[in-house]
Structure formats: C-alpha cells, structure tokens
Amino acid sequence: MKNLLKFINFGFIKRFFIVLILFAFFVFISAISYVNAVSEDIANSVFRLHVIANSDSKEDQDLKYLVRDKVLEYMNNIAKNCSSKEEVIQLAYEYKDEFYNIAKNVIKENGYNYDVKISIGNFEFPTKYYGDISLPAGYYDALKIEIGEAKGQNWWCVMFPPLCFVDVTAGVVPDESKQIMQDNLSEEEYDLISDKTDSGIKFKFSLIEFFKNINFAKISE
C-alpha cells in the first residue's frame, strides 16, 4: 500500500511539474509575442534623428549640437505640413544630399574638415525619455548623421511626431505631438509610452524593456 501511495504521489508530482513547465512556457511565448507586437507598433509610428559626434571632446560635442540645430531647422521647415511618418521619410530621402551639405557647411564654418555620412534606415535605439513620453529600446526608422569618425556620444530625438524641440527639463510634450501618437497607437500602447502611474502599465513597459535587453545582449555577443 505504501509503495502504491509513493507511486501515486510521484506520478502526481511529475504531472504537476510538467503542467507547470508547459504553463511557464506558454506565458513566456505569450509575453514575447506581446512585446514584439507592441514594440513594432510603437516603432512604426515614429521617425527618429540620430547624430553622432566625431569624439567626446568638448569641441566635437559642441560641433555635434551645431550640426543638429541646423538640420532640425531645415527639416522642421520642409516637413511642417507632413501628417504621416511616411511623408517625413520620403522627404528625408529626397533631401538627403541637402542634409549632407548642411552638415558639411556647419563643420567647415567652424574650422573643421570632418566628413559626414548620412544614412536612412532601421537602427537600434536605447530607451529614451522625451518630456513625459518614453520610447522603449528597439529598432526604429531614423535619419542618422555620423560626423568624422563617429566615435563620440550620441544625440537622439524624434522627427515625427515632432519631439525634437521638446524642452525635456519642462517634462511636457506638445499636445499636437501627443495627438499624432495617439492616432497611430492603440490606447494601451499610448499609455505604455506616456507618463502613467498605473502599476500595470509600468510592469508592461518593464516587460518590454526586459525582453528587448535580452535581444540586444544576444546581438552584441
């Protein structure tokens, strides 16, 4: 009888752990699917700007910001009537040579002879905060400007919706920019990137960050 009870208990425990493992596997797969779907939707709603300085010297960093300012001034002028990410990307391609010339002129005017590389593509970004909007780490379409050897610190912003002129210290994103994001995202997705205090929303954002960091760690190995 005791042997029978041991056999039954062992069988029950074995089945319990199998069910537990299958459930954990299901939760893991579901979490990955959720993260991928949400990250893709968020990434598809924005077009970013990425400027990389020649080095981390003060002079090169100052030069980076001068290039940034001129590029943003020009982009803001030509894209002021754009209502979609696709329109902004199309303009970026059309005026790619102009971006190069603007950057080169700024560099030359400030006494440097660095070359410039302009790229439009899908690039890796860390988590970034723009006022009360947070964009999770991931791959985003962007205009990348590399100055000289491009070994210095990065500068990021969002060209569409227009967040590049956000005063981060004020912690406020213009309502117009928020509305564009809301129009392109589900209610839950927008809540994820906006400054929400709800613990469930914060957990989901942390979940996205966790899985994205795992992916980046694999890529960098």
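Residues numbered from 1 in each chain as written. Predicted model: local features only at pLDDT ≥ 70, side-chain atom pairs only at ≥ 80, totals over all residues. Heavy atoms only, no water.

**Thoughts on the overall build of the protein**
To keep things clear, this is the line we draw: By the criteria applied, helices consist of DSSP H or I runs no shorter than four residues and strands consist of E runs no shorter than two, each listed in order from the N terminus. The contact criterion used throughout is that any non-hydrogen atoms of two residues lie within 4.5 Å. Surface accessibility in these figures is a Shrake-Rupley result with a 1.4 Å probe; residues are shielded only by whichever protein chains are displayed.
A count of helical and extended segments in the protein gives 7 helices and 6 strands. Each helix (α) and strand (β) of the protein, taken in turn from the N terminus, gives the series α-β-α-α-α-β-β-β-β-β-α-α-α. Nonlocal contacts in the protein, meaning residues at least 24 apart in sequence, comprise 72% of its contacts between residues at least 6 apart. When the accessible surface of the protein is summed, it comes to about 13,100 Å², and 56% of that surface belongs to carbon and sulfur atoms.

**As for helix α5 (residues 175–184)**
Formally: Note on exposure labels: buried denotes an accessible area under 20% of the residue type's maximum, exposed denotes more than 50%, and partly exposed covers the range between, all computed with a 1.4 Å probe on protein chains only. Arc definition: it is the arc formed by the directions from the helix axis to the C-beta atoms.
Residues of α5 that are buried include every one of Ser177, Lys178, Ile180 and Met181, and no others. Down the axis of α5, the buried set is contained in an arc of 155°. They therefore lie on one face. Residues of α5 that are exposed and point over 90 degrees away from its buried face: Asp175, Glu176 and Asp183.

**As for the pairing of strand β5 (residues 138–147)**
The criterion, for reference: We call two strands paired when DSSP finds no fewer than two bridges between them.
Summarising burial for β5: 8 of the 10 residues are buried, a large majority. Bridge analysis of strand β1 (residues 47–52) against β5 gives 5 bridges, and the strand direction is parallel. Paired with His50 across the two strands is Lys144, which belongs to β5. Where strand β2 (residues 116–125) lies against β5, 10 bridges are found, and the strand directions are antiparallel. Within the sheet, the bridge partner assigned to Glu124 lies in β5 and is Tyr139.

**Regarding the sheet that holds β2**
Applicable threshold: In this description, a line fitted to the C-alpha atoms serves as the axis of each element, helices being fitted only across the stretch in contact, and the angle between N-to-C directions of two axes falls anywhere from 0 to 180 degrees.
Spatial strand order, β2-β5-β1-β6: 4 strands in an open sheet with mixed pairing. One side of each edge strand has no neighbouring strand; the edge strands of this open sheet are β2 and β6 (154–160). Between one strand axis and the next, the sheet turns by 30° as a mean value, whatever way the strands run.

**Section: the nonpolar core**
Operational definition: In these notes, a set of buried Ala, Val, Leu, Ile, Met, Phe, Trp, Tyr and Cys residues joined through side-chain atoms within 4.5 Å is what counts as a nonpolar core.
Counting residues in each nonpolar core, the largest one holds 49 residues, and the members touching the most others are Phe47, Leu49, Leu135 and Ile145. No other element matches β6, which puts 6 residues into this core.

Spatial relationships are all this shows, so hold off on functional conclusions.
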